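These are the residues of each chain, in order.
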Amino acid sequence: MAKQALNPDIWVDSYSDYLFNYAVSRVSDSEIAKDLVQETFFAGLKSAKNFKGEAAERTWLISILKRKVIDHYRKINSKKAKSMVRITQNPNSEADSNFLEEQVADPMSLLENSQIENEELGTAIQDCIAKLPKKHALAFTLKTINGLSTEEVCKELNINPSNLWVILHRARTVLMDCLNNNWFKI
């Protein structure tokens, strides 16, 4: 495969619609999606020297955008967690500023960092994927877990993009039902 070269002069014209559609489908807010695409272009320019040419320009930009979307949700969830914490003073302290808010991000908390629970969830997901029809399982794994582009998955499975999205929708629906019945039950 020939090494790809970056051409930032064409990014906005060539990729902005694709990146915007990708972003808005993940954040469900067009203004945030526009900001994420703009941040993606800036990050791409900033890290252009790190581009090895092993992937297509659009694939590389999508990988940057994926990280921007993840960062967006981390930022939102971090703010939500802190705003939901009851700020209480330590009754054993006379200092007015001795708050317990820092406990939000406690890395030693057993609830959100339970290795056993994470392993059980991973096993439940794998069990649910195994119950899918083979083509659905493969499409879901390639696209969602391995992060391949639509074009790559379509080429691998010899299907068109519309067919892929139908397969992914059906797979996700079955997986959610499976997880709701086998994992998320209280």
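Located above this text is the structure these notes cover.
So, how was this worked out
Residues numbered from 1 in each chain as written. Predicted model: local features only at pLDDT ≥ 70, side-chain atom pairs only at ≥ 80, totals over all residues. Heavy atoms only, no water. Helix = DSSP H or I, 4+ residues; strand = E, 2+ residues; numbered from the N terminus. Buried < 20%, exposed > 50% of the residue type's maximum accessible area, 1.4 Å probe, protein only. Contact = heavy atoms within 4.5 Å. Areas by Shrake-Rupley, 256 points an atom, 1.4 Å probe, with all protein chains shown as cover. Salt bridge = Lys/Arg side-chain N within 4 Å of Asp/Glu carboxyl O. Phe/Tyr/Trp six-rings, centres within 6.5 Å; stacked < 30°, edge-to-face > 60°. Lys NZ or Arg CZ within 6 Å of the ring centre and 35° of its normal. Core = buried A, V, L, I, M, F, W, Y, C linked by side-chain atoms within 4.5 Å. Lys, Arg positive; Asp, Glu negative; His and termini not counted. Axes fitted to C-alpha atoms, helices over the stretch in contact; angles between N-to-C directions. Parallel < 35°, antiparallel > 145°, perpendicular 65-115°, else oblique. Nonpolar A, V, L, I, M, F, W, Y, C, P; charged D, E, K, R; others polar.

**Student:** Can you lay out the overall build of the protein chain for me, pointing to particular residues and giving the numbers?
**Tutor:** The secondary structure content of the protein chain amounts to seven helices and zero strands. The order of helices and strands in the protein chain, counted from the N terminus, is α-α-α-α-α-α-α. Out of the 186 residues in the protein chain, the part that is buried amounts to 26%. Contacts in the protein chain between residues far apart in sequence, at least 24 positions, make up 57% of those at least 6 positions apart. Accessible surface, the protein chain as shown: approximately 13300 Å² in total, 53% of it carbon and sulfur.

**Student:** Help me get a handle on the pattern of salt bridges, residues and values and all.
**Tutor:** If you walk through the whole model with that rule in mind, you get three salt bridges. Of the charged contacts, one joins Lys34 and Glu31 as a salt bridge, the two residues approaching to 3.4 Å between their closest N and O atoms. In this pair, Lys34 and Glu31 both sit in helix 2 (residues 30-46), three residues apart, roughly one turn of the helix. For Asp71, the salt bridge identified is with Arg74, shortest N-O distance 3.7 Å. Of this pair, Asp71 and Arg74 both sit in helix 3 (residues 57-84), three residues apart, which is roughly one turn of the helix.

**Student:** Residues and numbers for the packing of aromatic side chains, please.
**Tutor:** In the structure shown here, the tally under the stated rule is three aromatic pairs. With a centroid separation of 6.1 Å and an interplanar angle of 20°, the aromatic rings of Trp11 and Phe41 are classed as stacked. Of this pair, Trp11 sits in helix 1 (residues 11-27) while Phe41 is found in helix 2, placing the two residues 30 residues apart along the sequence. Of the two residues examined, Trp11 and Phe41, each falls in the buried class. Between Phe51 and Trp60 the ring centres are 5.0 Å apart and the planes differ by 65°, which places this aromatic pair in the edge-to-face class. We classify Phe51 as buried; its relative accessible area is 13%. The cationic tip of Arg26 hangs over the ring face of Tyr22; the distance from NZ or CZ to the ring centre is 3.7 Å.

**Student:** Provide a residue-level description of the nonpolar core, including the pertinent values.
**Tutor:** Formed by 19 residues in total, the largest nonpolar core has its most connected members in Ala139, Phe140, Leu157, Ile159, Leu164 and Leu175. Of all the secondary-structure elements, those providing two or more residues to this core are helix 4 (115-130), helix 5 (134-145), helix 6 (150-157) and helix 7 (161-182). Per-element accounting of this core gives the leading share, seven residues, to helix 7. Leave out the neighbours within four places in its chain, and Leu157 touches Lys135, Leu138, Ala139 and Leu142. Within the second largest apolar cluster, 18 residues are counted, among which are Leu19, Val27, Leu36 and Phe41.

**Student:** Go over the side chain of Lys143 with me, naming the residues and quoting the values.
**Tutor:** Along the chain, the position of Lys143 falls in helix 5. Among buried charged residues, Lys143 stands out as having no salt bridge; its nearest opposite-charge side chain is Glu151, 6.8 Å away. Residues contacting Lys143, with those up to four places away along its chain left out, are Leu148, Ser149, Thr150, Val153, Trp165 and Leu168.

**Student:** Describe the packing of helix 6 against helix 7, with residues and values.
**Tutor:** For any two helices packed against each other, the geometry comes down to the angle between their axes and how far apart the axes lie. Where helix 6 meets helix 7, the closest approach of the two axes is 10 Å, and the angle between their N-to-C directions is 95°. Of the possible angle classes, the one that applies to helix 6 and helix 7 is roughly perpendicular. On the side of helix 6, the interface is formed by Thr150, Val153 and Cys154, while helix 7 contributes Pro161, Leu164 and Trp165. Classifying every residue of the contact of helix 6 with helix 7 by side-chain character gives five nonpolar, one polar and no charged.

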